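Here is how the chains run, residue by residue.
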Amino acid sequence: MGRKRAGRKMPKPKPELCPKAVVKMADELRAEFHKDIEDARIAYVFVPKGLAKHGRVSLGSAKKESDAHRLVSGVNFIVRLSLDKWNSFTLEQQRAVLDHELCHCAAKYDDKTAERVGWKVRGHDLEEFGEVIERHGLYLPDRKAFVENAARQLEMKFKLARKHKKAG
Ligand SMILES: [Zn+2]
């Protein structure tokens, strides 16, 4: 009782820096879609396992370094990717997850001068429950815009599939 089990304990897997291929993928995404954080210093870290949050396993996270930490690390943001999830994804899914985390990283501008004054973490465009949409429909403009965008994606995919079918 309360005694440690005999035998050697497996060392706990530790976070590690992501390999160059991941950094390259992120750099490409930043150059194409994230101009506002193009010169931010971002560290990419693999954590062994995605942590459960609200009963859901996290695919990754993005955090801004505090001013004190930045003095030591020289880094503005840390993007963490859950290695177990990452390894189960296709290349396209990996790109999307990385793009998602980069969306959380944003520049902070002065309201009056519009000058950049630092960095901030951006929240999601939409947080919602599927069952609320089921019960109440797209009850606010942001819900509507989000779903319409998704519907356009589906339509595009559908058209593309039909075109391929015709061509083939
Ligand atoms: Zn997110």
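Now for a description of the structure that goes with this document. (Residues numbered from 1 in each chain as written. Predicted model: local features only at pLDDT ≥ 70, side-chain atom pairs only at ≥ 80, totals over all residues.)

## Points about the overall build of the protein chain
And step 1. Within the protein chain, the regular secondary structure consists of 6 helices and 8 strands.
And step 2. The helix and strand sequence of the protein chain, counted from the amino end, reads β-α-β-β-β-β-α-β-α-α-β-β-α-α.
And step 3. At 21 Å, the protein chain has a C-alpha radius of gyration far larger than the 15 Å of a compact globule built from 168 residues.
And step 4. Each principal axis of the C-alpha distribution contributes one length, and for the protein chain these read about 65 × 50 × 40 Å. (Helix = DSSP H or I, 4+ residues; strand = E, 2+ residues; numbered from the N terminus. Rg over C-alpha atoms; globule rule 2.2 N^0.38 Å.)

## Here's the deal with the sheet that holds strand 6 (residues 77-82)
And step 1. Read from one edge to the other, the open sheet built from 4 strands follows the order 1-2-6-5, with strand pairing classed as mixed. With one partner strand each, in any of the chains shown, strand 1 (16-17) and strand 5 (60-64) form the two edges of the open sheet.
And step 2. Taken together, the 5 bridges between strand 5 and strand 6 define a ladder with antiparallel strand orientation. Paired with Lys63 across the two strands is Ile78, which belongs to strand 6.
And step 3. Along the sheet face, helix 4 (residues 91-104) touches strand 5 and strand 6 and points at about 25° away from the line of strand 5. (Pairing = 2+ DSSP bridges. Contact = placed C-beta atoms within 7 Å. Axes fitted to C-alpha atoms, helices over the stretch in contact; angles between N-to-C directions.)

## Structural notes on the nonpolar core
And step 1. Membership of the largest hydrophobic core is limited to 12 residues, which are Cys18, Ala26, Ile42, Tyr44, Phe46, Val47, Phe77, Val79, Leu81, Leu98, Leu102 and Cys105.
And step 2. Elements with a minimum of two residues in this core: strand 2 (42-47), strand 6 and helix 4.
And step 3. When neighbours within four sequence positions are excluded, Leu81 is seen to be in contact with Cys18, Tyr44, Phe46, Gly60, Trp86 and Val97. (Core = buried A, V, L, I, M, F, W, Y, C linked by C-beta atoms within 7 Å. Buried ≥ 20, exposed ≤ 12 C-beta atoms within 10 Å, placed from the backbone.)

## Some remarks on unusual backbone geometry
And step 1. One non-glycine residue, Ala114, adopts positive backbone phi at about 60°.
And step 2. Secondary-structure assignment places Ala114 in the loop between strand 7 (105-109) and strand 8 (116-121).
And step 3. A count of 8 C-beta atoms within 10 Å places Ala114 in the exposed class.

## Quick word on the environment of Ser82
And step 1. Along the polypeptide, Ser82 turns up in strand 6.
And step 2. The spacing of Ser82 and Leu51 is 31 residues in sequence and 8.0 Å in space, taken between C-alpha atoms.
And step 3. Not counting chain neighbours up to four residues away, the residues in contact with Ser82 comprise Val47, Lys49, Gly50, Ser58, Leu59 and Gly60.

## Some details on helix 4
And step 1. For helix 4, built from 14 residues, the straight-helix expectation of 20 Å at 1.5 Å per residue is met to within 8% by its first-to-last C-alpha distance of 20 Å.
And step 2. For helix 4, the complete set of buried residues consists of Leu98, Glu101 and Leu102. On an axial view of helix 4, the arc spanned by its buried residues comes to 100°, and they lie on one face.
And step 3. Buried residues in helix 4 make contact with helix 1 (20-33), strand 5, strand 6 and strand 7. (Expected span 1.5 Å × (residues − 1). Arc of directions from axis to C-beta.)

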